[in-house]
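Close look at the chain arrangement
These are the residues of each chain, in order.
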Amino acid sequence: MAVLSPLGVIGGSGLYELLDDVRQETVPTPWGEASGPVTLGEVAGRPVAFLARHGEGHRYPAHLVNYRANVWALAAVGARRLLAPGAVGSLDETLLSGTLVVVDQVVDRTWGREHTYVDSPGAAAHVGFADPYCPSLRVDVLDAARRQDVAVVDGGTMVVINGPRFSSRAESRWHSAQGWSVVGMTGMPEASLAREQGLCYAAVSMVTDLDAGLQRGSGVTQAEVLQVFAANVAAVRRVLLDVAERADAEPSGCRCGWALDGIDPPYPVAGNRPREGRR
């Protein structure tokens, strides 16, 4: 019987305790330390690898997370598919708090983050990113949410801001006017780094608030976001565990693993995977 690759989960607030009966592994990377150790366990006999995006006790704010090391660490323990849960603000009044949005597009407004593995002078590797999220893994998340009776929206655009502050009302109204759906702080460069490693990646975005430009009153507060996410973290957990239990840990029906075909990467690829198709 073939050994399944673990499903990777890059956890956000409130998801530090996802698995039971686990072991932890500190994974060295060429890009420095990850946010913490990788937690390895099983769901219904299927392997799962979890890494807390912000570290123990939420040590690292979004703009200081070592995204390169985190993605590398999960790939290095064998993960080929990455789920990325996180809290987002709504830019659409029809997307209410407690709704799970499985976005299919992203706009990157971050700056100052180490956003690529291509970091050597004279090197060039241009991966395709027209469709940032794995279509197969997105379907797995949507199906899991429906089975778990969690309100879910198929598709939308996440705009990623740098943080750590929230948006001004003017910024929020601008984002909304562009037709973008939700706003978060951690979605990039996670998604593009996963693509550079030839991994499947899907964002699992829980709406916690109406963003400042749509909200009346004092605007978004950290306490509000954490309170709403905590109230809905059980639903996110159910969805993640459902995906882990039912979905194949090996990718299928997508081209994510072929992102580097025809490119001679001027950077290392974790996990020593075969170059042709990365499988």
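This text goes with the structure placed above it.
Presented here is an overview of the structure given in this document. (Residues numbered from 1 in each chain as written. Predicted model: local features only at pLDDT ≥ 70, side-chain atom pairs only at ≥ 80, totals over all residues. Heavy atoms only, no water.)

**Topic: the side chain of H175**
- Within the fold, H175 resides in helix α3 (residues 169-177).
- Setting aside anything within four residues of it in sequence, one finds H175 in contact with L91, R109, V159, I161, S167 and W180. (Helix = DSSP H or I, 4+ residues; strand = E, 2+ residues; numbered from the N terminus. Contact = heavy atoms within 4.5 Å.)

**Some words on the side chain of S172**
- You can see S172 is positioned in helix α3.
- The exposure class assigned to S172 is buried, which follows from its relative accessible area of 0%.
- A polar contact of 2.8 Å, which involves the side chain of S172, links it to the side chain of D211. (Buried < 20%, exposed > 50% of the residue type's maximum accessible area, 1.4 Å probe, protein only. Polar contact = N/O pair within 3.5 Å; in protein donor to acceptor, adjacent residues only side chain to side chain.)

**A few points about helix α2 (residues 135-147)**
- With 13 residues, α2 should cover 18 Å at 1.5 Å per step; its first-to-last C-alpha distance of 19 Å lies within 8% of that length.
- When we look at burial in α2, the residues that qualify are S136, L137, R138, D140, V141, L142, A144 and A145.
- Backbone geometry just after α2 places D149 at a positive phi near 60°. (Expected span 1.5 Å × (residues − 1).)

**Some words on the packing of aromatic side chains**
- Tallying each qualifying case throughout the model produces 5 aromatic pairs.
- Seen from their ring centres, Y133 and Y201 are 6.1 Å apart, and the 25° between their planes marks the pair as stacked. Of this pair, Y133 sits in the loop between β7 (105-109) and α2 while Y201 sits in strand β11 (residues 200-210), placing them 68 residues apart in sequence.
- Y133 gets classed as buried once you look at its relative accessible area, which sits at 4%.
- For Y201, a relative accessible area of 2% puts it in the buried group.
- Among the aromatic side chains, those forming a connected cluster through ring pairs are W31, W72 and Y117. (Phe/Tyr/Trp six-rings, centres within 6.5 Å; stacked < 30°, edge-to-face > 60°.)

**Observations concerning the pairing of strand β5 (residues 81-90)**
- Extensive coverage of β5 is indicated by the burial of 9 of its 10 residues.
- Sheet topology note: the strand β1 (residues 7-11)/β5 ladder contains 3 bridges and is parallel. Across the sheet, the residue bridging to G8 is L82, located in β5.
- Alignment of β5 against β11, held across 10 bridges, turns out to be parallel. From the neighbouring strand, P85 faces β11, where its bridge partner is V204.
- Sheet topology note: the β5/strand β10 (residues 182-184) ladder contains 2 bridges and is antiparallel. (Pairing = 2+ DSSP bridges.)

**Examining the pattern of salt bridges**
- Scanning the entire structure with this criterion turns up 10 salt bridges.
- A salt bridge links D119 to R68, with the nearest nitrogen and oxygen atoms 3.4 Å apart. Placement of the pair is D119 in the loop between β7 and α2 and R68 in helix α1 (residues 67-76), with a sequence separation of 51 residues.
- Accessibility expressed as a relative area gives 44% for D119, which makes it partly exposed.
- With a relative accessible area of 10%, R68 lands in the buried category.
- In this structure, R165 and E171 form a salt bridge, with 2.9 Å as the shortest nitrogen-oxygen distance.
- One continuous salt-bridge network, built from bridges that share partners, spans R68, E114 and D119. (Salt bridge = Lys/Arg side-chain N within 4 Å of Asp/Glu carboxyl O.)

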